[in-house]
Amino acid sequence: MSDAQVYKQETMEASYGCGRGYSTPSNHQLVKSVFSKSPPFNARFNGSSPRVDYAAGTALRPSEVEWQRKNLLASSPGVGDTIQMLKVPTNHWIYVVRFDVNNADPKLEGATAAITGQRVNVNPADPYNKYVLKTDPEFAAAAKAQDLAPIPLDKPGSQVLWLNKIFTHGVMVDAPAVGGPSNNVTLTGYVMPYYVAPEFITFGTPPNGEIVRFETGSLLLGIKILSLSTANPSVNIWDSTTDFYLTTRVIGFACPSIT
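Residues numbered from 1 in each chain as written. Predicted model: local features only at pLDDT ≥ 70, side-chain atom pairs only at ≥ 80, totals over all residues. Heavy atoms only, no water.

### Overview of a nonpolar patch on the surface
For step 1, the next point in the chain: Together, Tyr-95, Val-160 and Trp-162 give the surface a local cluster of nonpolar side chains, amounting to about 280 Å² of exposed area.
For step 2, the next point in the chain: Mapped onto the fold, Tyr-95 is located in strand E4 (residues 92-101). (Patch = residues over 30% accessible without salt bridge, like charges linked within 9 Å, V, L, I, M, F, W, Y side chains within 5 Å. Areas by Shrake-Rupley, 256 points an atom, 1.4 Å probe, with all protein chains shown as cover. Salt bridge = Lys/Arg side-chain N within 4 Å of Asp/Glu carboxyl O. Helix = DSSP H or I, 4+ residues; strand = E, 2+ residues; numbered from the N terminus.)

### What to know about the pattern of salt bridges
For step 1, the next point in the chain: Per the counting criterion, the structure on display carries 6 salt bridges.
For step 2, the next point in the chain: Ionic pairing is found between Lys-107 and Asp-105, a salt bridge with its closest N-O pair at 2.9 Å.
For step 3, the next point in the chain: In this structure Asp-105 comes out as buried when scored by relative accessible area, which is 2%.
For step 4, the next point in the chain: Salt-bridge contacts for Glu-138 lead to Lys-165; the nearest nitrogen and oxygen are separated by 3.1 Å. In this pair, Glu-138 is assigned in helix H2 (residues 138-145) and Lys-165 in strand E9 (residues 165-168), connecting sequence segments 27 residues apart.
For step 5, the next point in the chain: Residue classification places Lys-165 among the partly exposed residues on the basis of a relative accessible area of 41%. (Buried < 20%, exposed > 50% of the residue type's maximum accessible area, 1.4 Å probe, protein only.)

### A word on the nonpolar core
One broad trend across soluble globular proteins is that nonpolar side chains are buried collectively.
For step 1, the next point in the chain: Counting 37 residues, the largest nonpolar core has Ile-83, Ile-94, Phe-99, Leu-153, Leu-221 and Ile-237 as the members making the most contacts within it.
For step 2, the next point in the chain: Listing elements by their share of this core, those giving two or more residues are strand E2 (53-60), strand E3 (82-89), E4, strand E5 (112-122), H2, strand E13 (194-196), strand E16 (218-227) and strand E17 (244-252).
For step 3, the next point in the chain: Excluding residues that lie within four positions of it along the chain, Ile-83 makes contacts with Ala-4, Val-6, Leu-60, Leu-72, Pro-77, Leu-221, Gly-222, Ile-223, Ile-225 and Ile-237. (Core = buried A, V, L, I, M, F, W, Y, C linked by side-chain atoms within 4.5 Å. Contact = heavy atoms within 4.5 Å.)

### Section: the packing of aromatic side chains
For step 1, the next point in the chain: Following the criterion strictly, the structure yields 5 aromatic pairs and no others.
For step 2, the next point in the chain: Between Trp-93 and Tyr-195, the aromatic rings sit 6.4 Å apart at their centres with planes inclined by 65°, giving edge-to-face as the arrangement. Remark: Tyr-195 occurs in strand E13 and Trp-93 occurs in strand E4; sequence separation between them is 102 residues.
For step 3, the next point in the chain: Taking the centre distance of 4.9 Å and the plane angle of 55° together, the rings of Trp-93 and Phe-253 count as tilted. Of this pair, Trp-93 sits in strand E4 while Phe-253 sits in the segment after E17, and the two are 160 residues apart along the sequence.
For step 4, the next point in the chain: Given the relative accessible area of 15%, Trp-93 is considered buried.
For step 5, the next point in the chain: Exposure remark for Phe-253: the relative accessible area of 52% places this residue in the exposed category. (Phe/Tyr/Trp six-rings, centres within 6.5 Å; stacked < 30°, edge-to-face > 60°.)

### Focus: the environment of Ala-145
For step 1, the next point in the chain: Within the secondary structure, Ala-145 sits in helix H2.
For step 2, the next point in the chain: For Ala-145, a relative accessible area of 64% gives the class exposed.

### Quick word on the confidence of the model for the protein
For step 1, the next point in the chain: In the predicted model, the protein carries a mean pLDDT of 79, and the fraction of residues at 70 or more is 75%.
For step 2, the next point in the chain: The weakest mean pLDDT in the protein belongs to strand E10 (residues 173-176) at 56; the strongest belongs to strand E7 (residues 151-152) at 98.
For step 3, the next point in the chain: Residue range residues 10-36 is modelled with pLDDT below 50. Its contacts to residues more than four positions away, or to other chains, number 68 contacts. (pLDDT = per-residue confidence, 0-100.)

### Observations concerning the environment of Val-235
For step 1, the next point in the chain: Along the polypeptide, Val-235 turns up in the loop between E16 and E17.
For step 2, the next point in the chain: For the pair Val-235 and Leu-108, spaced 127 residues apart in sequence, the C-alpha separation works out to 6.9 Å.
For step 3, the next point in the chain: The contact partners of Val-235, leaving out residues within four places of it in the chain, are Lys-107, Leu-108 and Ser-229.

### Concerning H2
For step 1, the next point in the chain: Three or more residues of H2 are buried, namely Phe-139, Ala-142 and Ala-143. Buried residues of H2 fall within an arc of 100° about the axis and therefore sit on the same side. Relative to its buried face, H2 has exposed residues pointing more than 90 degrees away, namely Ala-140, Lys-144 and Ala-145.
For step 2, the next point in the chain: Contact partners of the buried residues in H2: E5, strand E8 (157-162), E13 and E16.
For step 3, the next point in the chain: Phi for Asp-147, located one or two positions after H2, is positive at around 55°. (Arc of directions from axis to C-beta.)

### Considering helix H1 (residues 66-75)
For step 1, the next point in the chain: Here H1 has its buried residues at Gln-68, Leu-72 and Ser-75. When H1 is viewed along its axis, its buried side chains cluster within an angular range of 75° and face the same direction. Pointing more than 90 degrees away from the buried face of H1 are the exposed residues Glu-66, Lys-70 and Ala-74.
For step 2, the next point in the chain: Buried residues along H1 sit against strand E1 (4-5), E2 and E3.
For step 3, the next point in the chain: Positive backbone phi, approximately 50°, marks Ser-76, located one or two places after H1.

Given below as structure tokens:
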């Protein structure tokens, strides 16, 4: 059993749209049949246009999309594994991720999942050919802070995970001062989104080493399987007849070239 890939943005390198410098995923549309489903909200994914602010989403329909089913079968993800659904490129950030189960499927009763993210970082030992994939604990911490329960995969539902966090300086104090009234210290802070930063890796021995900037790497958004079906232990997510949707809004930087 292992993680399964169902995103369609190919390699981890940033892919450019209509103008170099706009790191956007390639545009794609799932092939629809007369039985295909639509997400339960107004959703468009136009990553090919030269924009750095766009809605992005992936529909998971293994009963209808053959390549998704084959990828899931080949990987056979189990408890603890991740279904990778969407890639956020380097130099972009997100505030929120939403996951929807569109229809009921009693076969998956007891199966649950959680929104998760995996950072794809450059491997310093082989930076041009390999990556290091690691689940970021920020997603589980955010879900815990927001009292979000595991997502049931057998019935319709929608969960929104906010990724903003507060960065503050100092320590909060609210205690009686010596020989005086209460001493209150008000902290100042900043709201910070989840940012997929570029990497700077030093080759050689400092201070003579060469610092190389990598625009590779990304954030893979998906769902982590927490439990399998209790009603039908032999049934997995690729046997489901329902459809799932993972969405976010991607924001990035834009700057004109010198020439």
